[in-house]
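Coordinate analysis (summary)
Residues per chain are reported as follows:
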Amino acid sequence: MSILLRKQKEVYKVTGIVKLSIVGLISGLAFAMISTIWAVYLYSFLNSTALVGFFTAGITLVSLISFFIFVPLIQKISKSKIYIFSLALYVIIYFLFAMNTRLSGLVILTLISAIVGTLVVTSFGIIIKHNSNKKELSKNEGLRFVFANIAFLIGPLIAGYLSSKHGINLVFLLASIFIFIAILFFRKSRIEDNKIKRKTEKNVLKNFIEFFKNKNRRLAYIIGGGVSFWWSLNYIFMPLFIIKSGLDKIWVGYFLFAIVIPLVLFEYPIAKLAGKIGFKKIFKIGYLIAAITSIACFFIPNIYAIMGTLVLASIGLAMLEPTLEAHFFDNLKKGESSKYYGPYNTKANLNAIISRTLAAFILIFLSFKYVFLLFGLAMLVFAFISSKLKEIVENKQ
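The paragraphs below set out a description of the structure included in this document. Within each chain, residues carry numbers counting from 1 in the order of the written sequence. It should be noted that, the model being predicted, local features are given only for residues of pLDDT at least 70 and side-chain atom pairs only at 80 or more, the latter also being counted only at that level, while totals for whole chains, interfaces and linings use all residues. Heavy atoms from the whole structure form the basis of all side-chain values; hydrogens and water molecules are not counted.

1. A look at the overall build of the protein
Only DSSP runs of H or I with at least four residues qualify as helices, and only runs of E with at least two residues qualify as strands; both kinds are numbered from the N terminus onward. Looking only at helices and strands, one finds 17 helices and 2 strands in the protein. The Shrake-Rupley method, run with a 1.4 Å probe, gives the accessible areas here. Residue values count only the displayed protein chains as cover. Just so you have it, the protein exposes about 16,900 Å², and 67% of that area is on carbon and sulfur atoms.

In structure tokens:
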């Protein structure tokens, strides 16, 4: 209860973490809607599943580089101001996407969106960290992801219906409105994160090398990327597989709605459990569940059965999403979050690049079934690496 409400002079007040989680929910509705239609939107310009994979991999590379370049900015400027500014840019970007009809416009807006996204992710993650004490970090991350996944539960249904009945452009306009509402709520919540460093890390290469010198940070980086590797299957390739199987766009919304249900149900209790028993076993089991279900999809002929199996895979992802980031922060010393959180977030971009590029190459030469095999084998690798981790139990710190 204390994570949601705090008693002050006989009055219960909503905690800062809940306010931040609500902001994440509102903005998450926008991002969830865009994620639902993104692959289909790209396909309307590129007319090739493989090209969609290559294009998204290339854009993600820009995002990866941005995380390192923006480290000095993140250290030097208030995270609250960065977050508001980057969300404001998204309001404009999504509005322009709704108006765009040209491939050149698509490329330019996507590049800008990828760069701005690094600021949103990094600033918001650090704000969460700075508003949590060490013993409650995994619980707070769990709560944050519960709210975010509620957004990703509702968003696909909205986007699936609107795109099917009224076209994709309306989805971009509505996403722009939700981002604007998120900005207003964040400002009204009066949550500030003005921690800055006078001496910043201006040498990008040096910061990169220092990050990977530490074994625990290296392992946290490697296993942390497995979730992003996995979501490429569900958010880039499965929507196109569903459409190519002869189903309507609204089925993309149904599928992306369904895969989030296990996340909403299990992420918070699992995050609390990780704080008590540690992370290692939870990581191994989570990745093994994803591996087994994905490999099973290779042998399943029916599109509905495949979608159902991938929903079960999300039970494994519920064990990973909130705990991986908490595990990383638990490996940092005081004052290192603004220095290393940006580089850590490149694990998502790097694994998205690898997964999308490999899957795109497979689709040039083989049928879609082999994409399931690729993702299943990759999850087995992440499960094995998880066994090499140093165990951390937050409640004993």
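That covers the picture; the talk isn't over yet.
2. Remarks on the packing of aromatic side chains
Only Phe, Tyr and Trp rings are paired, with Trp represented by its six-membered ring, and only when their centres lie within 6.5 Å; those with planes under 30 degrees apart are stacked, over 60 edge-to-face, the remainder tilted. Applying the stated criterion across every chain, the model contains 25 aromatic pairs. Ring centres of Tyr 83 and Phe 124 lie 5.0 Å apart, and the angle between their planes is 25°; this geometry places the pair in the stacked category. Taken together, the residues Tyr 83 in helix α4 (residues 79-99) and Phe 124 in helix α5 (residues 103-130) connect sequence positions 41 residues apart. Accessibility assignment for this pair places Tyr 83 and Phe 124 in one class, buried. Plain terms: the ring middles of Phe 212 and Tyr 221 are 4.9 Å apart, the flat faces sit at 75° to each other, and that makes the pair edge-to-face. Exposure is judged per residue with a 1.4 Å probe applied to protein chains only, and the accessible area is read against the type maximum: over 50% gives exposed, under 20% gives buried, and values in between give partly exposed. Residue classification places Tyr 221 among the buried positions, given a relative accessible area of 8%. By way of ring pairs, the aromatic residues Phe 31, Trp 38, Tyr 41, Phe 45, Tyr 90, Tyr 94, Phe 97 and Phe 172 are connected into one cluster.

3. Description of the environment of Lys 165
Looking at where Lys 165 falls in the secondary structure, it is placed in helix α6 (residues 137-165). Residue Lys 165 is classed as exposed on the basis of its relative accessible area of 53%. Distance in space between the C-alpha atoms of Lys 165 and Ile 250 is 8.9 Å, their sequence separation being 85 residues.

4. Concerning the nonpolar core
Only buried Ala, Val, Leu, Ile, Met, Phe, Trp, Tyr and Cys residues count toward a nonpolar core, and they belong to the same one when joined by side-chain atoms within 4.5 Å. Core analysis: the biggest nonpolar cluster contains 128 residues, and Tyr 94, Phe 172, Trp 230 and Met 238 have the highest contact counts within it. In terms of residue count, helix α1 (residues 16-46) provides more of this core than any other element does, 19 residues in total. Note on contacts: a residue pair qualifies if any of its non-hydrogen atoms lie within 4.5 Å across the two residues. Among all residues touching Trp 230, those that are not within four sequence positions of it are Ala 290, Thr 293, Ser 294, Leu 310, Ala 313, Leu 317, Phe 375 and Met 379.

5. A look at the environment of Ile 285
When you line up the elements, Ile 285 lands in helix α13 (residues 280-299). Along the sequence, Ile 285 and Leu 320 sit 35 residues apart, while their C-alpha atoms lie 9.3 Å from each other.

6. A look at unusual backbone geometry
Most of the time, phi is negative for any residue but glycine, and the peptide bond is trans. For Asn 47, which is not glycine, the phi dihedral falls at a positive 55°. When you line up the elements, Asn 47 lands in the loop between α1 and α2 (49-69).

7. Comments concerning the side chain of Thr 56
Assignment of secondary structure puts Thr 56 in helix α2. Using a relative accessible area of 4% as the deciding quantity, one classes Thr 56 as buried. In this structure the side chain of Thr 56 is engaged in a polar contact, spanning 3.0 Å, whose partner is the backbone oxygen of Gly 53. Dropping the residues within four chain positions of it, Thr 56 is found in contact with Trp 38, Leu 42, Ile 236 and Arg 356. Under the rule applied, a polar contact is a pair of N or O atoms within 3.5 Å (in protein, one hydrogen donor and one hydrogen acceptor; residues adjacent in sequence only if both atoms are side-chain atoms).

8. Some thoughts on the side chain of Ser 355
Tracing the backbone through its elements, the reader meets Ser 355 in helix α16 (residues 337-365). Only 3.0 Å separates the side chain of Ser 355 from the side chain of Ser 232, close enough to count as a polar contact.

9. Overview of α13
Expected span, for any helix, means 1.5 Å times one less than how many residues it has. Under the 1.5 Å per step criterion, the end-to-end length of α13 is 30 Å for 20 residues, consistent within 8% with the ideal 28 Å. Restricting attention to buried positions, one finds in α13 the residues Ile 282, Phe 283, Gly 286, Tyr 287, Ala 290, Ala 291, Thr 293, Ser 294 and Cys 297.

10. Notes on the environment of Ala 318
Within the secondary structure, Ala 318 is located in helix α14 (residues 303-318). With 54 residues separating them in the primary sequence, Ala 318 and Val 264 have C-alpha atoms 7.9 Å apart.

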